[in-house]
Every structure is written in C-alpha cells, then in structure tokens.
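Residue-level listing of the chains:
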Amino acid sequence: VTITDSCGNFKTFDVNLGLPQQIQITSLVVDSAWCDPANTGSITVNAEYGMGNYHYSADGAPWQDANLLENLTPGYHVVSVMDDNGCTADYDTTVYTFSSPVLMAPQVDSVSCWLASDGSISIMAQGGTAPYRYYIEGASDTVTLNAGETADLNGLAVGSYTVAVLDAHNCSATYDTVVGGPDTLAATAALNFREICAGDPVELTCDVTGGTTDYDV
C-alpha cells in the first residue's frame, strides 16, 4: 500500500490480508427413517472454518440455524452449510430405512362347537426388526416373540379378526382373517297327526341343522 501527500512524498507499506479458511463439513450423523416409506430420517451436520455463524439446508430447502435436518425420506440427500459470508460447502449422503415387517398367511383353526370360543390363529412375521409383538386389534393381550417363532392367538369365537404386529422399531403390519365354525344350531318340529286319545303318546318329527353332529333330541 502506497500513501502519497500533496508534495509528492510517499510511503509504501506491506500489508498482509488474511482470508478465512474455506468452510468445511467435518462430519454427518445420519439417523435412518424408522419405517418405509416414512419421512422420519434426520441428519446432524458438523462444520468448521468459514466466517461467523453457520446455516444449514438439505436438498435446497430454506436455510435454518439448527444443525439438525429432520423429516427426511429414505434415499439420497445433498446437505449444505453456509457461513455469514455466503460461502458454502456441500456433502452427499444417504438416509436408509428400517423395513416394515410382513405377516405371512396364517393357519386358522375353526371353533369346535356352536357358540364355543376355542378357535385360533397361528401367524408369523418376516422382515422388519425382531422381536415382534403380536396382537388382535381391539384386544389387550399381546404375544412377544423372536424371529422365526409362530404366534398362537387362542380363545377365539367365530368372527372376523385383524391381526397386527409391531417390530422393535414400532414398524407395523396387519392381516385380516376369519375364524369359522359350525352353522347356527336350528331345529324345527312337526307333530305326526293321527287320531289319538287322552293319554296316548305323541310322535314328533324334528329337523335339526347347524351345530355339530351327532345330535341329542
């Protein structure tokens, strides 16, 4: 830098101008999305250098002051950091997902007798993350099992049921099925008419349907 006065006298000085070191993303902490295809993933961004405060964004979203980027879907993301001078740094990363479990087709045992409650559903989950917690929607009882184990849901009456499972990350699946059984027990009786006198026996013919054979009349 040279300074000159009105008489032409001058003085030269050497000045060193320091530039801030380019902003850098030093690390990312990626939390997977809990259940596909939920947008529950997140990325924590750590940066250094640059000037002043940092501002953060994912995939071109508006800048934010917090370094935790939330509500991210599974897949590829571009993380950006900007300092107060407008200098930026980008980093590519991937948010993975915990897959949801799948309920396989169950074995269903019908009730043995009309109005009985001895039906059952035997069912197994695959995928997701064990252990699994099985239950019938609307009921309070649950069965917790490891991978490869079959849940036996017993004491069921005739009817439609929705079996549900939750895995270790609370990812869920459901399966609708029906517990069957004998038809409703019904009977009709007819009097065999003939001339009878007081005290004579009466003969009835009964027609029984439903229930479980054999019948006692």
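Residues numbered from 1 in each chain as written. Predicted model: local features only at pLDDT ≥ 70, side-chain atom pairs only at ≥ 80, totals over all residues. Heavy atoms only, no water.

Colleague: An account of the overall build of the chain is requested, with residue identities and associated values reported.
Modeller: Counting its secondary structure elements, the chain contains zero helices and 19 strands. When each of the 217 residues of the chain is scored for burial, the buried share is 26%. For the chain, restricting intrachain contacts to residue pairs at least 6 apart in sequence, the fraction spanning at least 24 positions comes to 54%. Summing over all exposed atoms, the chain offers an accessible surface of approximately 13900 Å²; the carbon and sulfur share of this is 51%. (Helix = DSSP H or I, 4+ residues; strand = E, 2+ residues; numbered from the N terminus. Buried < 20%, exposed > 50% of the residue type's maximum accessible area, 1.4 Å probe, protein only. Contact = heavy atoms within 4.5 Å. Areas by Shrake-Rupley, 256 points an atom, 1.4 Å probe, with all protein chains shown as cover.)

Colleague: I'd like to hear about the state of the cysteines, residue by residue, with values.
Modeller: A full pass over the atoms with the stated rule returns one disulfide. With its sulfur 2.0 Å from that of its partner, Cys35 forms a disulfide with Cys171. Judged by the torsion about the S-S bond (-100°), the Cys35/Cys171 disulfide is left-handed. In this pair, Cys35 is assigned in the loop between β3 (24-31) and β4 (41-48) and Cys171 in the loop between β16 (159-166) and β17 (172-179), connecting sequence segments 136 residues apart. (Disulfide = S-S within 2.5 Å.)

Colleague: With reference to specific residues and values, describe a nonpolar patch on the surface.
Modeller: The grouping of Val1, Ile3, Phe13 and Val15 at the surface amounts to a nonpolar patch, some 390 Å² of accessible area in total. For Val1, the position within the fold is in the segment before β1 (2-4). Given the relative accessible area of 59%, Val1 is considered exposed. (Patch = residues over 30% accessible without salt bridge, like charges linked within 9 Å, V, L, I, M, F, W, Y side chains within 5 Å. Salt bridge = Lys/Arg side-chain N within 4 Å of Asp/Glu carboxyl O.)

Colleague: Which residues make up the nonpolar core, and what values do they have?
Modeller: Ranked by size, the top nonpolar core spans 18 residues in total, and within it Leu103, Ile121, Ile123, Tyr134 and Val165 carry the most contacts. Mapped by element, the contributors of at least two residues to this core are β11 (119-123), β13 (132-136), β15 (151-156), β16 and β17. When sequence neighbours within four positions are dropped, the list of residues in contact with Tyr134 reads Leu103, Ile123, Met124, Ala125, Asp141, Thr142, Val143, Leu145, Glu149, Ala151, Ala164 and Val165. Within the second largest apolar cluster, 14 residues are counted, among which are Ile23, Ile25, Leu72 and Val81. (Core = buried A, V, L, I, M, F, W, Y, C linked by side-chain atoms within 4.5 Å.)

Colleague: Quick rundown of the pairing of β17? Include the residues and the values.
Modeller: Note that β16 and β17 share eight bridges and pair antiparallel. Looking at β17, one finds that Ala164 is bridged to Thr174. (Pairing = 2+ DSSP bridges.)

Colleague: Which residues make up the sheet that holds β16, and what values go with them?
Modeller: Spatial ordering of the open sheet is given by β14-β13-β16-β17, a layout of four strands whose pairing is antiparallel. At either end of the open sheet lies a strand with only one pairing partner, and these are β14 (142-145) and β17. Taking the axes of each pair of neighbouring strands and ignoring which way they run, one obtains an average angle of 20° across the sheet. Note that β13 and β16 share four bridges and pair antiparallel. Each residue of the ladder has a partner; that of Tyr134, found in β16, is Val165. (Axes fitted to C-alpha atoms, helices over the stretch in contact; angles between N-to-C directions.)

Colleague: Summarise unusual backbone geometry; cite the residues concerned and give the values.
Modeller: Of note, the amide linkage connecting Ala130 to Pro131 takes the cis form, showing an omega dihedral of 0°. Along the chain, the position of Pro131 falls in the loop between β12 (125-127) and β13. For Asp59, which is not glycine, the phi dihedral falls at a positive 60°. Considering the arrangement of structural elements, one finds Asp59 in the loop between β5 (55-58) and β6 (68-72). Positioned with a positive phi, Leu115 is a non-glycine residue whose angle comes to about 70°. Residue placement: Leu115 occurs in the loop between β10 (107-109) and β11.

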